[in-house]
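# Descriptive structure summary
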Amino acid sequence: MKKKLALFGAALLLSPALGFATSLMVEVQQGQLRSEPTFFSKIITNVGYHNSVTVLEERGPWRLVQFKQQKGWMHISALMSSNVKLNAGLSLGDSISSKDVSLAGKGFTKEVENAFRKQHSELSFAWVDKMEKVKITSSELEKFAAGSDFSTVAR
Amino acid sequence: MTRTIRLILLGLSLTSCAQLADVSSKIAVQAGVLSSSQADALKRSSEAVTKTFEDITPSQEYYLGRSVSATLLSKYAVTPHIQENRYLNLIGKTLVLSSSKPETFPNYHFLILDSDEINAFAAPSGFVFVTKGMIRLCQNEDDLAAVLAHEISHVLNSHALRAIKTSRITSALTIIGGEGIKTAANNSIVNQLMGTFEGSIDDMTQTLTNSGYGRSLESEADKTAVALLQKSGYNQEGLVRVLERLKAKTKPGAKDFTATHPDTDDRISEVKDWLSEGSVNPVSALRTTRFTRTIGRL
């Protein structure tokens, strides 16, 4: 019986999908804490890449999280990834978290891109940079969606 | 005993991480359910499975996406159609809000390519490109949304990353996971990774511009696109209309969309089958007017 309980506990602990993980890392360049679980709600604060947030509540694909002293909603796609699943297992022991942290920020990084660019001076990143600078605000997007006649009943 | 094994498998199946599989197997050994050799085999098997595109983190996907985009942009000219590009971004971002992944590392970005060629591309992390030729094939906003939905679906399903040879990912993970590596800024490590990076960019660019994803992944992108259009409120039949016009406009053997996509008739037939299974959103006259006014004269 003890064995079974231990195994069941292990199975649950190993499952971030079941919501037992309470800490997740932000996996986007700039995550947003919002006042409501919708992209059109007010942004409370921005949370940078690889900051840790504490999950307080789940509502569909949204998570009510705490970052420092502030609470707000973040979409799961800004938090969850294969790498974050490891971070979610922080409670399992330092060996996992430290290995994950050691891999974070490595691999294909800005330094690797710079080395690639040196080898390929024929490539221009100017338009890639310009693409990234095009910002669409939540209010612009909300206005666009509101004026899109999406409310028509599907036939 | 069967139940206990099921519990272990549950733990393993709920995660794809080799490190967690390692922990699971250790627990199982301690509980006397698995022998050490069985646990080692399980761990080795799990490690082999996880050395795939899924091990590429969002930030790494971003840098791959940037370089794939730069490579594509070396083949196509761009003119600063500021209003038209904003409009394209508004449609694209409206679509991604209805997706399973509305946020990527840099968020999604859309750009018009100044080419008469009928084509569209999606690089990792959400960099999406549509040629003027493809936009001219669209007669309304719903058609253009269908093109974007198909490309966004390639991003959602990590199709470009799947084009990277597994050996390159294994190599990258071996380099970054090596003993004694203190910093990624180490020149030797950066140079080793650059070789793998370069090869990965080449794998993806070749797939995007020459060989294509193949029937199965294109079908998956079409199916995801139909769902995305349905959920966002756009008319899903736009995909059929665009495919039918593609079929009429393009010639077999041409170096455009047809060179990298499976038989158009098969795709049309498949999409029509999916549409027959559910409700279809109507085309909106309001959206069509907006399309004609903003991008219709490109």
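You'll find the structure just up there.
Thresholds, definitions, all that
- Residues numbered from 1 in each chain as written.
- Chains lettered and ligands numbered in written order.
- Predicted model: local features only at pLDDT ≥ 70, side-chain atom pairs only at ≥ 80, totals over all residues.
- Helix = DSSP H or I, 4+ residues; strand = E, 2+ residues; numbered from the N terminus.
- Buried ≥ 20, exposed ≤ 12 C-beta atoms within 10 Å, placed from the backbone.
- Contact = placed C-beta atoms within 7 Å.
- Pairing = 2+ DSSP bridges.
- Axes fitted to C-alpha atoms, helices over the stretch in contact; angles between N-to-C directions.
- Arc of directions from axis to C-beta.

### A look at the overall build of chain B
Per the secondary structure count, chain B includes 15 helices and three strands. For chain B, the residues scored as buried account for 52% of the 298 residues in total. Looking at chain B alone, contacts between residues at least 24 apart form 71% of all its contacts between residues at least 6 apart.

### Focus on the overall build of chain A
Counting its secondary structure elements, chain A contains six helices and six strands. Here chain A holds 155 residues, and 33% of them are scored as buried. If you take every contact in chain A between residues at least 6 apart in sequence, the share linking residues at least 24 apart comes to 48%.

### Thoughts on the sheet that holds strand β1 (residues 109-113) of chain B
Residues and elements named next belong to chain B. Spatial strand order, β1-β3-β2: three strands in an open sheet with mixed pairing. Strand pairing shows two members of the sheet lacking a second neighbour, β1 and β2 (120-123), which therefore form its edges. The average angle at which neighbouring strand axes cross in this sheet is 15°, direction not considered. Pairing geometry for β1 and strand β3 (residues 127-131), over five bridges, is parallel. The partner of Leu-111 across the bridge, within β3, is Phe-129. Here helix α4 (residues 58-73) sits on the sheet in contact with β2 and β3, set at roughly 150° to β2.

### Description of helix α15 (residues 285-294) of chain B
Residue and element names in this part refer to chain B. Every buried residue of α15 is listed here: Arg-287, Arg-290 and Phe-291. When α15 is viewed along its axis, its buried side chains cluster within an angular range of 100° and face the same direction. Exposed and facing more than 90 degrees away from the buried side of α15 are Ala-285 and Arg-293.

### Re the pairing of β3(B)
Residue and element names in this part refer to chain B. Within β3, five of the five residues are buried, which leaves it mostly tucked inside the rest of the structure. Going residue by residue along β3, you find Phe-127, Phe-129 and Thr-131 tucked away on one face and Val-128 and Val-130 tucked away on the opposite face as well. By the bridge criterion, four bridges tie β2 to β3 in an arrangement that is antiparallel. Considered in β3, the bridge of Ala-123 is made with Phe-127.

On their own, these measurements won't tell you what the molecule is for.
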